[in-house]
Amino acid sequence: GKVKQAKEAVTKMISQMSPKRARDIIRDVMLPRKAGVGLQMAGLNKIVELQVPNSLELFRFAWRNGNCQRDIAGCILAKVGTSSDFAPGEVETFFDYFDRADKEEDTTHVADFLLAQLIELPEWRLPYLPKVIAKLALLPGVTSNAIKALLTTTTNPTEVLGALTQIFQAARLAQRTEPRVNRAAKAALLTDLKSAISLSSIRSTLASINQKTTADTADPQVLVTFLEEVLQIWEASVRANADEHKRNYGMSEETMLESALALWVKLLRPGEVRQWLRVIEDLSRRLHAMPCYLKSSVMLGKLLVSRLDTLEDAHAERDQALAVLREFFQRHVEELGAETEATLDAKTLSDAQFQKSIKVRAETQRELLGVWADLLSRGCVAAETAALFARVPCGYEMDLAKIVVDKAVAHAKTALAKKSQHEARWRSARPQVGWAHAGGVPVESLQVGAEVSGAVTNSSSEHGVFVNFGCVRDGKLSVPKADWAKYRIGDRVERMVVNKVVRGKSSGQDMIELLLVSHQPGGTGGQSDAQGPLDIALRAVQWLASPVVLRRARWATLAKLWASAVAVESSGAGFEESLGVLGDLTSKEGSVPPCDMVYLVEKLLAQSPNRDLLRAALSWLAGACPADAVRLWPALLAPSQDEPPEVRDLVKVLALCEANGFKFPTLSGAVARGLPEAALDTLAGCGLPEARLLAVQSLQEKQFNMGSPSELLKTLCSDDSSVVRVAAQLLWSALGGKDLDKTSVQEGEAEEDEESDA
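Note that the coordinates shown come from a computational prediction; the quantities given were computed from them, not determined experimentally.

J.: What is the right way to look at the overall build of the protein in this model?
T.: A count of helices and strands for the protein gives 35 helices and five strands. By the burial criterion, 45% of the 758 residues in the protein qualify as buried. Considering only residue pairs separated by 6 or more positions, the protein has 69% of its internal contacts joining residues 24 or more positions apart. Of the roughly 38100 Å² of accessible surface on the protein, 51% is carried by carbon and sulfur atoms.

J.: Can you help me understand the pairing of strand S5 (residues 511-516) in this one?
T.: Look at any regular strand and the pattern is simple: side chains alternate between the two faces of the sheet. S5 sits mainly inside the fold: five of its six residues count as buried. Taken together, the six bridges between strand S4 (residues 492-502) and S5 define a ladder with antiparallel strand orientation. In the strand pairing of S5, Lys500 is matched with Glu513.

J.: Would you mind showing me how to read the packing of helix H7 (residues 104-120) against helix H8 (residues 129-136) here?
T.: Between two packed helices, the angle of one axis relative to the other and the distance separating the axes together describe the packing. In contact at an axis separation of 11 Å, H7 and H8 are set at 135° when each is read in the N-to-C sense. If you check the angle between H7 and H8, you find them oblique. Seen along the crossing, H7 lies across H8 with a hand that is left-handed. Residues Ala111, Leu114, Leu115 and Leu118 of H7 lie in contact with H8, whose contacting residues are Leu129, Ile133 and Leu136. Looking at side-chain class alone, the contact of H7 with H8 contains seven nonpolar, no polar and no charged residues.

J.: Please clarify how the sheet that holds S5 should be interpreted in this entry.
T.: Strand order around the closed barrel formed by five strands is S1-S2-S3-S5-S4, with mixed pairing between neighbours. Looking at each pair of strands side by side, their axes are set apart by 55° on average, direction ignored.

J.: I tried to follow the pattern of salt bridges on my own but got confused; where do I start?
T.: Pairs can form between side chains of opposite charge once their charged atoms are near each other. Taken as a whole, this structure holds 28 salt bridges when the rule is applied. Between Arg615 and Asp649 there is a salt bridge, with the nearest N and O atoms lying 2.6 Å from each other. One end of the pair, Arg615, is in helix H26 (residues 611-624); the other, Asp649, is in helix H29 (residues 647-660), and 34 residues separate them in sequence. Looking at Arg615, the relative accessible area reads 11%, which means it is buried. With a relative accessible area of 2%, Asp649 lands in the buried category. Connected via shared salt-bridge partners are Asp612, Arg615, Glu646, Arg648 and Asp649.

J.: I would appreciate a short explanation of helix H2 (residues 19-30) in the present structure.
T.: Residues of H2 that are buried include every one of Ala22, Arg23, Ile25, Ile26 and Met30, and no others. Projected onto a plane normal to the axis of H2, the buried residues spread over an arc of 165° and lie on a single side. Exposed residues on H2 whose side chains face more than 90 degrees from its buried face are Lys20 and Asp28.

J.: I would appreciate a short explanation of the pairing of S4 in the present structure.
T.: Across four bridges, strand S1 (residues 451-460) lies against S4 in antiparallel orientation. Following the sheet pairing, Gly454 is matched in S4 by Val493.

J.: How should the side chain of Ser297 be read in this particular structure?
T.: Within the secondary structure, Ser297 is located in helix H16 (residues 293-308). On the accessibility criterion, Ser297 (2% relative accessible area) is buried. For Ser297, the residues in contact, after removing those within four places along its chain, are Phe328, His332, Thr364 and Leu368.

J.: So what exactly am I meant to see when it comes to the environment of Asp739 here?
T.: On the secondary structure map, Asp739 appears in the loop between helix H34 (722-734) and helix H35 (742-757). Residues Asp739 and Gln729 lie 10 residues apart in sequence; the distance between their C-alpha atoms is 9.9 Å.

The rules behind these values
- Residues numbered from 1 in each chain as written.
- Predicted model: local features only at pLDDT ≥ 70, side-chain atom pairs only at ≥ 80, totals over all residues.
- Heavy atoms only, no water.
- Helix = DSSP H or I, 4+ residues; strand = E, 2+ residues; numbered from the N terminus.
- Buried < 20%, exposed > 50% of the residue type's maximum accessible area, 1.4 Å probe, protein only.
- Contact = heavy atoms within 4.5 Å.
- Areas by Shrake-Rupley, 256 points an atom, 1.4 Å probe, with all protein chains shown as cover.
- Pairing = 2+ DSSP bridges.
- Axes fitted to C-alpha atoms, helices over the stretch in contact; angles between N-to-C directions.
- Parallel < 35°, antiparallel > 145°, perpendicular 65-115°, else oblique.
- Left-handed = near helix turned anticlockwise from the far one by under 90°.
- Nonpolar A, V, L, I, M, F, W, Y, C, P; charged D, E, K, R; others polar.
- Salt bridge = Lys/Arg side-chain N within 4 Å of Asp/Glu carboxyl O.
- Arc of directions from axis to C-beta.

Here it is, written out as structure tokens:
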């Protein structure tokens, strides 16, 4: 009790002293051996807590060349190992403690103490710590915590992978031994090492490494050496647990292999695309020598696609990477196709196992084609899709086209969602003073062709991108409409040229057009010629639609794929152009029957396209199939949150009905209720009784206030059609309208009697 009280008193007292005085007390009172372990530990903690000057000298004093008590040794190693105050060379000799034969009995205890601190403080300053920990992993009972510490640290990735490699090599050697019971501690070490390379442990290790970005900066050769150890462990497991003839493996092995390959593809690094081909070829050769090569090639293909997404914003580099990955997919698809074709002649003479292998190769080829299609659906140059389509086996065309379109449409929708977010974030309101800049270069002084640079002042999908380039007026940067979101307010834009200056003499508004140097007509500027996801989708439809002799047989699939792609973003202005991907539908050889045209538009309607596109589609259909166009027209009149129905669409369908003698289509209550006031006047003045009856229905659906029916309804109460007239009169009364003029009612009835007599 007295010792504890003395320790507490000294600890409390020293916290109130100056750093210099505290240092003297720590050295003379707390750190001597006779002070006891408890007071020495308290002193070591105070050195760090109080930031005592020249702390390394105090640590060396308590260290006594490693001849200190084991708790003291563990505490000192932990503190110098996690401190940023010392150069690595100053404290390296401390860790020779674990090599001393006279400390063998204490090393496990000290190692546990050190590892516990390193796990809590993952940012290590000493680059040789992973190598030290690799040695500690070979101590009985320490292996698990040693690996945990290596996976916890966020520094020194190359050294960490090297340390893990050493541990795995020792563990693979341990697998060849049989532990004996006469040395329990040694036997436990062998058991711990074997456990470290079990499938579950390796999966956990790989998952931990993959979650960090540190592996992206590790030395490539060290990473490859580590992965080679992992793959050898995987191969040993597969060969030990699987039927070699079936060449199959379970979920555990599959997950482990996928994690290993995911780490391997981190060797494909941004800015080093020229090295990608060599890395992929090396990995492909390694996989080719492994069991279950076919399955692993598909797995690798998917991981390569994921890796390419890291280059999404670097268009030129991404195009180069696409060409590299094309080599991978092209080679593997062609190899599988050649092997399959070579064995088809022997199919009838082969056994069941051989026939099964042919089927597996064909399935693998199609899987790889699907992964390749997913890759290109993000956007690419025409040569990439041409390479893909040229290698599709007969009978798989429609499935492949569906993969391309579905994936491309999904990517396009994601891009549109991001675009909307950008628009909401970066759209700028017009300043009160306008976009003029006092003190800038006068517009009349601008020279067309002059190279300029500046900062973005406004960016929106509606108005485009405007740049302050030093003139009194902002210039409008001419970029593709889809690219406006790439320019944020404040962004610097270099290498522009003044392309056009239009003086607004009457309006006083001058217009200045700017071009990026790389976007000038005829210039390349290193820009990518890649097209976006929707272009890729339509390219797949165009490929599937040829030759013409097969188009009719594929029409149902073509219509669905075309509609899903066109409905995403196309406007009515681009409708005719989008039809072109289906071929010439009007030529003698390529004409399609009316029923197919109707089916095409029906599939488009099922995609809920925007109103402009729907209007263009129905107008196109009206030229060949007016009756079906009228039948489908109510979809164009349906109200939506963003786009209310327009009177011109109502006028168009009324004209179609009157010109062809069609009945006006029946509209739902929701559509009738959503019709604008101007549309009701149009309906009421139409010569079709069904249209005038719809006006009554719409007035009823709108539920006018009691006692105030509209004048339009009063007019319809004397309609020539008895059905319309009676319906209007009933609604008039229901809405509390005053008694109608009896004369007008009698005149309506008389006209009806005359019609009956006639």
